[in-house]
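Fold and contact review
Here is what each chain is made of, one letter per residue.
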Amino acid sequence: MIGFMAILLFICVCIVLMAGFPVAFTLAGVSLLFAGIGILTNTFDPAFLNAFPNRVFGIMSNQILVAVPLFVFMGVMLEKSRV
């Protein structure tokens, strides 16, 4: 059952991406949809969704990863200024 859900998840992601939705919204939306299906079928523990805010805060408070959005911003600014 779990292997079938993984294949179905991959197919749904591919279909939604080919429909033209942005990648971030596609990955977040389809994964939340399948997490909901997993909760209803008792194959996914909802405690994983409860731990998500703590993981995001832990990643955001990492000082090394603060450089990533600044690096992307610098690249965009250099591209727009044609340097």
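Look above for the structure.
Now for a description of the structure that goes with this document.

Procedures and definitions
- Residues numbered from 1 in each chain as written.
- Predicted model: local features only at pLDDT ≥ 70, side-chain atom pairs only at ≥ 80, totals over all residues.
- Heavy atoms only, no water.
- Axes fitted to C-alpha atoms, helices over the stretch in contact; angles between N-to-C directions.
- Helix = DSSP H or I, 4+ residues; strand = E, 2+ residues; numbered from the N terminus.
- Left-handed = near helix turned anticlockwise from the far one by under 90°.
- Contact = heavy atoms within 4.5 Å.
- Nonpolar A, V, L, I, M, F, W, Y, C, P; charged D, E, K, R; others polar.
- 1 Å grid on protein atoms, 1.4 Å probe; cavity = no way out; pocket = protein on both sides within 12 Å on 5 of 7 lines; lining within 4 Å.
- Points joined across faces, edges and corners; volume = space filled by probe spheres on them.

Contact geometry for helix H1 (residues 2-18) and helix H2 (residues 23-40): axes closest at 10 Å, N-to-C directions at 145°. As H1 runs across H2, the sense of the crossing is right-handed. Of the residues in H2, those in contact with Met 5, Leu 8, Leu 9, Cys 12, Val 13, Val 16 and Leu 17 of H1 are Val 23, Thr 26, Leu 27, Val 30, Phe 34 and Ile 37. Considered class by class, the residues forming the contact of H1 with H2 number 12 nonpolar, one polar and no charged.

Our focus in this paragraph is the layout of surface pockets. When its volume is computed, the largest pocket comes out at roughly 250 Å³. If you trace the largest pocket, you find it lined by Ile 2, Met 5, Ala 6, Leu 9, Ser 31, Phe 34, Ala 35, Gly 38, Thr 43 and Phe 44. For the lining of the largest pocket, the secondary-structure elements that each account for two or more residues are H1 and H2. For the lining of the largest pocket, the residue count by class is seven nonpolar, three polar and no charged. Approximately 170 Å³ is the volume attributed to the second largest pocket. Leu 32, Phe 44, Phe 48, Leu 49, Ala 51, Phe 52 and Arg 55 are the residues that line the second largest pocket. Residue composition of the lining of the second largest pocket, by class: six nonpolar, no polar and one charged.

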